[in-house]
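Residues per chain are reported as follows:
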Amino acid sequence: GHLHPGHDTGGRGVSVDLLRGPAPAAAGGPAGARERVRRFTLTAQPATVRLPSGGGAEAWSFNGQVPGPVLRVRQGDLVEVVLRNRLPVQGGTVQGGTVQGGTVQASNGQAGSGQGVTIHWHGYDVPAAEDGVPGVTQDAIWPGQSHVYRFRAEDAGTYWYHSHQNSSVAVPRGLFGLLVVDPAAPAPESEDHVLALHTFGSRPTLSVDGAAPSDLLTRLTLAPGARTRLRVVNTDTRPVVLGLSGVPYRIAAVDGGDVPGATDLDGARLHLAAGGRYDLTFTVPSGPVLLTTGDRPALLINGPAMPPPAAGPIVDITRYGSAAALPARFDRETTWVLDKTLAVSGGLPRLAQTVNGKAWPNIPTPVVRQGQTVRIRVVNRGTDTHPMHPHGHHVRILSRNGVPATGLAMDTFDVAPGEVWEVALVADNPGVWMSHCHDLAHAAQGMEFHLAYE
Ligand code: C2O
Ligand code: CU
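What you see is a predicted model, and the numbers here were worked out from it, not measured in a lab. (Residues numbered from 1 in each chain as written. Chains lettered and ligands numbered in written order. Predicted model: local features only at pLDDT ≥ 70, side-chain atom pairs only at ≥ 80, totals over all residues. Heavy atoms only, no water.)

1. Some points on the coordination of the copper ion (ligand 2)
Listed as protein donors to the copper ion (ligand 2) are His386 (ND1), Cys437 (SG) and His442 (ND1); their distances from the metal cover 2.0 Å. Summarised as a motif, the one-chain spacing of the donors to the copper ion (ligand 2) is H-x50-C-x4-H. Residue His386 is located in strand 27 (residues 386–390), and its partner Cys437 is located in strand 33 (residues 432–437); the two are separated by 51 residues in the primary sequence. What makes Cys437 buried here is its relative accessible area of 0%. (Donors = N, O, S within 2.8 Å, 3.2 Å for Na, K, Ca; no water. Helix = DSSP H or I, 4+ residues; strand = E, 2+ residues; numbered from the N terminus. Buried < 20%, exposed > 50% of the residue type's maximum accessible area, 1.4 Å probe, protein only.)

Below, the structure written as C-alpha cells:
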C-alpha cells in the first residue's frame, strides 16, 4: 500500500510553513533541509498541434504545449501546482466575472460558457482533496479561475496528469502532461526519457521528453553502453502493443511501481492499457534500437539502419510481481460485472456501459473502512476492452482468468472481453474516490462510480 504521512487527517494535509520553505532555486541548499518545494504553473489555453506529416489539430493545452510540461520532481519534494484556466469563453473573453455552473458572468455584463478544467494525477495516489475530480473533490475551474494543488511526492515512478472535467473530450484534445518522480537515491541509468503515446484525430503520435508530438519516426542518439530507461506512457483511450527490438530489455516498472527480479526479454511485445505506464530499461548496444507502437515504427535509437520490429509473443504482465506482501485475508469481497446495454434517455436509445447492470449515476458506491482489504472480481461480459482505473489506490493483481498472478501493483488494468481478473485493494487512502474505465468514452457512457470510506 501507499502511506501518506501528514495527509491522514483530511483537508489539505500540507502545512503552510512547509510551503513557504526554500524555493526550487534553493534546492540542494542547506544539508538537512528535507523539504524541498517545487512550484509549477499550468495554464489551460488553446494551442494548435502541428504534426510533421502535415496534419494538425486544434488543441487545448497546458502552457501552450501538447503534451503539457513534464513535471519532474524528486522523491520527498512538496509539489505545488497552480492551475489557471485561460480557455476561451464562448461569446468573448470574460475577465473579473463570477462563474455559475460553467456560465461565466462578467462584471461588464457579458456572459458566456466555457470548458472547465481540473488536474487529476493519474496513478499518483494523492490525498483525496488533491485528486482533481470535479463534483467529488473540488469544483471544476472555469475560464478566468485558478486553483492550487499540493501533495508530497513520496513514490518514485512514472505518472501523468490530465483534466478530469469532460475528460472524454478534454484529454484526447490535449489537456494532459507527464509527471516523473525521481528516486531520492541516484538512479543507475544515465539516460532517462519519458515518452507519451497519443492519438490526434486518427494519427498515433509519440512525444519524447515533452517535445511536440510526431506522427513520423522520431530519432534519438544515445551513447553505446549507456544504461537507459524509457518511460512509456499511454495517454490514449485505447490500448497499444509496444515492441522494442535490437536489444534485450527489462520491464523495470509498471504503473509507477518497480518490478523486482525482472529478467531480460528479447523481441517480446507488451500490451499497454490506456492510462498505463511501463518503464523499460536496457544498455544501449552498438547497433540500432527500434520502438514500435502497433505496426508503426515510432522511435529509432542510433539509426539510420532499422532493426526488424519485435514480433515475439505478448508478455502476460500479470506474471510479474511486486515486492510488498499480499493481504493474507480479505475483509470484503465484491464483483464488478462489466457490460453494455441500450438505455433509453430523452426518448432515444443510448449506449450505456454498465457495472453490475447499472450506469452512472446509478451504480452503488462500495463503502469500505480504513485499513480493510477488499477482493474485487472484475468480469467482462461485454465486447469492449475496459481499462479499469480506481483512483487513489494501486490494486494488486491476484489472478487472471483463474490463473494465479503474483501481486503486481497496477492502477489501470485492461480487462478484455470474456476475461475475469481478481484484484486486491487495501483501503489505505481515505476519501471518496472515483473508479472508472479509462476508455474515457466508456466512462462518459456510464462506466464510472465512487468508492467511499466510512
Ligand atoms: Cu486518468 Cu479518472 O483518470
Ligand atoms: Cu471501458
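That shown, we press on.
2. Regarding the pattern of salt bridges
A full pass over the atoms with the stated rule returns 22 salt bridges. Between Arg329 and Asp331 there is a salt bridge whose closest N-O contact spans 2.6 Å. A residue is classified by how much of its surface remains accessible, and Asp331, at 33% relative accessible area, is partly exposed. A salt bridge links Asp384 to Lys340, with the nearest nitrogen and oxygen atoms 3.0 Å apart. Of the two residues, Asp384 sits in the loop between strand 26 (373–380) and strand 27 while Lys340 sits in strand 23 (residues 332–345), which places them 44 residues apart along the sequence. Taking relative accessible area as the criterion, Lys340 reaches 30% and is therefore assigned partly exposed. One network of salt bridges, with partners in common, ties together Arg72, Asp182, Glu189, Asp192, Arg229, Arg231 and Asp279. (Salt bridge = Lys/Arg side-chain N within 4 Å of Asp/Glu carboxyl O.)

3. Quick notes on the confidence of the model for the chain
Per-residue confidence for the chain averages 90 on the pLDDT scale, and 88% of its residues sit at or above 70. This stretch, residues 1–32, has a pLDDT under 50; its non-local contacts, to residues over four places away or in other chains, come to 43 contacts. (pLDDT = per-residue confidence, 0-100. Contact = heavy atoms within 4.5 Å.)

4. Section: the sheet that holds strand 18 (residues 257–258)
On the basis of which strands lie adjacent, the open sheet formed by six strands has the order 13-12-15-20-17-18 and mixed pairing. Taken across any chain shown, the strands that pair with only one partner, and hence form the sheet edges, are strand 13 (203–208) and strand 18. Two elements, strand 17 (residues 250–254) and strand 18, share two bridges in a ladder whose sense is antiparallel. Within strand 18, the position partnered with Ala253 by the bridge is Asp258. (Pairing = 2+ DSSP bridges.)

5. Details of the nonpolar core
In summary, soluble globular proteins display a tendency toward joint burial of nonpolar side chains. Judged by nonpolar contacts, the single largest core of 61 residues is most densely connected at Ile251 and Phe413. Here this core spans two domains, since at least three of its residues come from each of domain 2 (191–315) and domain 3 (332–453). Residue contacts for Ile251: discarding those within four places in its chain leaves Val259, Ala262, Leu265, Leu270, Tyr278, Asp279, Leu280, Val315, Ile317 and Tyr320. Counting 26 residues, the second-largest nonpolar core is a separate cluster that includes Leu71, Tyr124, Ala153 and Leu175. (Core = buried A, V, L, I, M, F, W, Y, C linked by side-chain atoms within 4.5 Å. Domains from an automatic or database assignment.)

6. Some details on empty space enclosed by the protein
Inspection of the entire model under this criterion finds one cavity of 30 Å³ or more. Within this model, the largest cavity holds a volume of roughly 30 Å³. For the largest cavity, the full set of lining residues is Pro67, Phe176, Ala196, Leu197, His198, Phe200, Thr205, Leu206, Ser207 and Pro213. Counting residues per element, the ones that place at least two in the lining of the largest cavity are strand 12 (191–200) and strand 13. Residues belonging to the lining of the largest cavity are distributed by class as follows: seven nonpolar, three polar and no charged. (1 Å grid on protein atoms, 1.4 Å probe; cavity = no way out; pocket = protein on both sides within 12 Å on 5 of 7 lines; lining within 4 Å. Points joined across faces, edges and corners; volume = space filled by probe spheres on them. Nonpolar A, V, L, I, M, F, W, Y, C, P; charged D, E, K, R; others polar.)

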